[in-house]
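One letter stands for each residue in the lines below.
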Amino acid sequence: MHGAPKPLSFERLRHDKSMSKPAAPSTPSETSSRRFYHGTRADLRPGDLIQPGYSSNYTERRSPWVYFSETLHAATWGAELAKGEGPGRIYLVEPTGSFMDDPNVTDKKYPGNPTKSYRSREPLRVVSEHLHWQGHSAEQIGAMKDFMKDKEPIDD
């Protein structure tokens, strides 16, 4: 396991006006040199598809989107906050269709896209499982769950 992920302060993000505007939707052909991660509790294999249409980590409402990130830090939160009983897992994934910045952690709520988080209506293809990651403390996970408790995801 590598060092602990750097803490992400949502208060700091809310007040940092130096972040850039979100980019236009991207396509898989524009991403060949980028690494994408997806945190979950699902036990998946290379080649499996992660589909949109499941409830998010903080609401029972089904989302038309599947979420992923270029940062291991954001994927770690996804793995730790995911619903289910199994261990949190992080997968290297590749988008199969176009994708856009995730408005839940970008300009609609925070400036720019500091977590490099994205969403797509197309599936993600599992490339491999990323095994070397360090989770957050129980206190940090509890604080994040409290922070997210009354939040509704932007699904439009």
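One numbering rule holds for all chains: residues counted from 1, following each sequence as written. A pLDDT threshold of at least 70 governs which residues receive local features in this predicted model, and a stricter bar of 80 or more applies before side-chain atom pairs are shown or counted, although totals over entire chains, interfaces and linings include all residues. Only heavy atoms go into the side-chain values, all of them from the structure, while hydrogens and water stay out.

### Observations regarding the confidence of the model for the protein
For the record, the criterion: pLDDT expresses, on a scale from 0 to 100, how confident the predictor is about each individual residue. Contacts between residues were defined by any pair of non-hydrogen atoms, one from each residue, lying within 4.5 Å.
Overall, the predicted model of the protein reaches an average pLDDT of 78, with 68% of residues at or above 70. Predicted confidence is poor over residues 1-22, with pLDDT under 50, and the contacts of this stretch with residues over four places away or in other chains come to 38 contacts.

### As for the nonpolar core
Filter applied, for reference: Nonpolar cores were defined as sets of buried Ala, Val, Leu, Ile, Met, Phe, Trp, Tyr and Cys residues, with membership established by side-chain atoms within 4.5 Å. Here the term buried applies to any residue with accessible area under 20% of the maximum for its type, exposed to any over 50%, and partly exposed to those in between, with areas from a 1.4 Å probe on protein chains only. Numbering goes from the N terminus for both helices and strands, where a helix is a DSSP run of H or I of at least four residues and a strand is a run of E of at least two.
Counting 11 residues, the largest nonpolar core consists of Phe 36, Leu 44, Ile 50, Val 66, Phe 68, Tyr 91, Val 93, Phe 99, Tyr 118, Leu 124 and Val 126. Of all the secondary-structure elements, those providing two or more residues to this core are strand E3 (66-69), strand E4 (89-95) and strand E7 (124-130).

### Brief notes about the packing of aromatic side chains
Any aromatic ring pair is given by two values, namely how distant the centres are and how the planes are angled relative to each other. Note the threshold: Working definition: rings of Phe, Tyr and Trp (its six-membered ring) pair if their centres are within 6.5 Å, and the pair is stacked with planes under 30 degrees apart, edge-to-face with planes over 60 apart, and tilted otherwise.
On inspection of all chains with the given rule, the structure shows six aromatic pairs. Between Phe 36 and Phe 99 the ring centres are 5.5 Å apart and the planes differ by 75 degrees, which places this aromatic pair in the edge-to-face class. Of this pair, Phe 36 sits in strand E1 (residues 36-40) while Phe 99 sits in the loop between E4 and strand E5 (100-101), placing them 63 residues apart in sequence. The pair Phe 36 / Phe 99 is uniform in exposure class, with both members buried. Aromatic side chains Phe 99 and Tyr 118 sit 5.4 Å apart centroid to centroid with 70 degrees between the ring planes, which places their arrangement in the edge-to-face category. Of the two residues, Phe 99 sits in the loop between E4 and E5 while Tyr 118 sits in strand E6 (residues 117-120), which places them 19 residues apart along the sequence. Residue Phe 99 is classed as buried on the basis of its relative accessible area, which comes to 2%.

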